[in-house]
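Descriptive analysis of the structure
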There are 4 protein chains.
Amino acid sequence: MTVFQAQNPNFEQVVRDSFSRQPFMEFIGAHLDMIKPGVCEIVVERQQGLTQQHGFFHGGLVSSLADSAAGYAAYSLYPENSTVLTVDFKVNFLNPSDGERLRARSEVIRAGKKIYHLKGDVYAERDGQNIHCLTGLFSMMCLLGKSDAPNLGREARTA
Amino acid sequence: MTVFQAQNPNFEQVVRDSFSRQPFMEFIGAHLDMIKPGVCEIVVERQQGLTQQHGFFHGGLVSSLADSAAGYAAYSLYPENSTVLTVDFKVNFLNPSDGERLRARSEVIRAGKKIYHLKGDVYAERDGQNIHCLTGLFSMMCLLGKSDAPNLGREARTA
Amino acid sequence: MTVFQAQNPNFEQVVRDSFSRQPFMEFIGAHLDMIKPGVCEIVVERQQGLTQQHGFFHGGLVSSLADSAAGYAAYSLYPENSTVLTVDFKVNFLNPSDGERLRARSEVIRAGKKIYHLKGDVYAERDGQNIHCLTGLFSMMCLLGKSDAPNLGREARTA
Amino acid sequence: MTVFQAQNPNFEQVVRDSFSRQPFMEFIGAHLDMIKPGVCEIVVERQQGLTQQHGFFHGGLVSSLADSAAGYAAYSLYPENSTVLTVDFKVNFLNPSDGERLRARSEVIRAGKKIYHLKGDVYAERDGQNIHCLTGLFSMMCLLGKSDAPNLGREARTA
């Protein structure tokens, strides 16, 4: 694993502020558990509303968590006055997401000028064990000079 | 677009029953808008809890909707006494998911014995226009002899 | 399918010149069969060296063809003095690539400022029929002010 | 990294025999450098015919190598009398494939009954250094009771 340096010394506050501006993260009860330069972990506790027909966490929810972790792992390395957009991601489902808690962890593999490549994994914690549920690859865009705040407006994703 | 025949004459009821057993779909307020052999559309109305920091639908939520539409498009073609699991999916984000409503539509491209390949797209409806937000490819597994009901147990995803 | 306008009136020559500078395309015997703004088709005839153990075209070769078609479909829409790089691609294999000829066709779905999203499909032509072998999604980067010629040097993929 | 056990004690011979039946691997000059249960490495030396317009290894060739390494890493864990098919793969391009040699390495992440999930990476070796060119995720199908030999016939990919 490559060790990355943050360009923005306030990266942690910038990431936490952005996370707190995502109503969907609050809606599902997710919290940002760890942020370091190029690495992010997001955790969510099991609740009935997050499950599918077999009682597992819903696959879409699992991939959402991984996508958010990847977005913030990338964002931690961005310069000031920038925002992050997902270009694409791919996820493989390895095992049922059956547990009391989900932990998504993502790491930057390659930081380009515009494009950041990341890997991400999600683990279900059950009875003290970690079950590997999902592995994925994510491409994130760094948008310079664009605000991360809600007033970005509709011209946001013209990348 | 290939036209597919359902193997199970009750496919619509089977799909609607399964959908109604997914607490996550109710949690986000999604409803199954259309189901035909090999095609499914799922719709969700905008609410604050589904958005990200720019006020758009959250990307993870958008991909969740597409994954569910793909799962049910595949499931509509399965024989009786089977269930569906996502093997993997890949999504590209094309435009911001900015609108009053999201519509995910998925179609089977290829129905194999075990593996179904699907495409899926999500559109945001805004002021009477459709904005193409996401396009993706999905691989779904057909698990024969496995119940779709919650008592499937923990051996479910040993595919 | 969206209809795109080329920014560069010489797009066809630019694309054909670039194609002719790809030794790998000559090595496998591929030729550029059609180029229009945002659309490209590449064809290769069957020869023993392109096959795998079952006598079909090798999957890697099939995806190579799709990747090249996607790259040139994107490149046809780029401004002058630019080059194209694949950010990532995803391919699903639908049927064996069993035929006398392969045809890869790719179309731009979304042309952004930096990122172009494309779909691509490969068909095997056998006894006058088309077999759908592969479908995929491709993300291409537009690198402005970079030469497409061999002297680009090693700083090329710092996108 | 999980350590896997081969089901077939002759796995190495089975894999090497299959590799030697792939004319495309010979065509590009690739050789199977290492095979262990669930891990495979394939190497190819640089030659002009494998390059693209900037003089790097062609991206399609790079992904072909990764796909083959993934296929054989999976195949090493299969039981006797089976063959391997790629369901889908996704590759992210990280750096230009600029070097004297390419090495693709793939490892099984999850071995299911039918579906194997793998990761794969390709490195360019240049002046004694390894450049990380590609990372990808691969889904492979295990086809039981199907021959890996050329007489498999046209019913092969009905998975």
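Here's what I pulled together on the structure shown here. Source: prediction; values computed, not measured.

Time to look at the environment of V91 of chain C. Relative to the assigned elements, V91 of chain C resides in strand β3 (residues 82-93). The exposure class assigned to V91 of chain C is buried, which follows from its relative accessible area of 0%. Setting aside chain neighbours within four positions, we find V91 of chain C in contact with S63, L134, T135, G136 and F138 of chain C together with V87, D88 and F89 of chain D.

To continue, consider the sheet that holds strand β4 (residues 101-111) of chain C. Strand order in this open sheet of twelve strands is β1(C)-β2(C)-β4(C)-β5(C)-β6(C)-β3(C)-β3(D)-β6(D)-β5(D)-β4(D)-β2(D)-β1(D), and the pairing throughout is antiparallel. Each having just a single partner strand, β1 (30-36) of chain C together with β1 (30-36) of chain D make up the two edges of the open sheet. The mean angle between the axes of side-by-side strands here comes to 25°, regardless of whether they run parallel or antiparallel. Examined bridge by bridge, β4 of chain C and strand β5 (residues 115-126) of chain C share ten bridges and lie antiparallel to one another. Within the sheet, the bridge partner assigned to R110 of chain C lies in β5 of chain C and is H117 of chain C. Those strands touched by helix α3 (residues 59-75) of chain C are β1, β2 (39-45), β3, β4, β5 and β6 (129-144) of chain C together with β3 (82-93) of chain D, and its axis lies near 40° from that of β4 of chain C. Strands β1 and β2 (39-45) of chain D of the sheet are contacted by helix α1 (residues 11-20) of chain D, whose axis makes an angle of about 165° with β1 of chain D.

This part takes up the interface of chain A and chain B. Taken together, the 50 residues of chain A in the interface contact 50 residues of chain B. Around 3900 Å² of area is buried between chain A and chain B when both sides are counted, 57% of it from carbon and sulfur atoms. In this structure, the connection of chain A to chain B is made through two salt bridges. With a closest N to O distance of 3.6 Å, D88 of chain B and K90 of chain A form a salt bridge. Our count for the contact surface shared by chain A and chain B stands at 20 residue pairs in polar contact (both at pLDDT 80 or more). Of all the secondary-structure elements, those providing two or more residues to the side of chain A that touches chain B are α2 (23-28), α3 (59-75) and β3 (82-93) of chain A. The leading source of residues in the side of chain A that touches chain B is β3 of chain A, at nine residues.

Once that is clear, we can look at helix α1 (residues 11-20) of chain B. All names here are of chain B. Listing the buried residues of α1 in full gives F11, V15, S18 and F19. Here the buried residues of α1 occupy an arc of 100° about the axis, which is enough to place them on one side. Those residues of α1 that are buried lie in contact with α2 (23-28), β1 (30-36), β2 (39-45) and α3 (59-75).

Conventions used here
- Residues numbered from 1 in each chain as written.
- Chains lettered and ligands numbered in written order.
- Predicted model: local features only at pLDDT ≥ 70, side-chain atom pairs only at ≥ 80, totals over all residues.
- Heavy atoms only, no water.
- Helix = DSSP H or I, 4+ residues; strand = E, 2+ residues; numbered from the N terminus.
- Buried < 20%, exposed > 50% of the residue type's maximum accessible area, 1.4 Å probe, protein only.
- Contact = heavy atoms within 4.5 Å.
- Pairing = 2+ DSSP bridges.
- Axes fitted to C-alpha atoms, helices over the stretch in contact; angles between N-to-C directions.
- Buried area = accessible area lost by both parts, 1.4 Å probe.
- Salt bridge = Lys/Arg side-chain N within 4 Å of Asp/Glu carboxyl O.
- Polar contact = N/O pair within 3.5 Å; in protein donor to acceptor, adjacent residues only side chain to side chain.
- Arc of directions from axis to C-beta.

So yeah, pure geometry; function would need other evidence.
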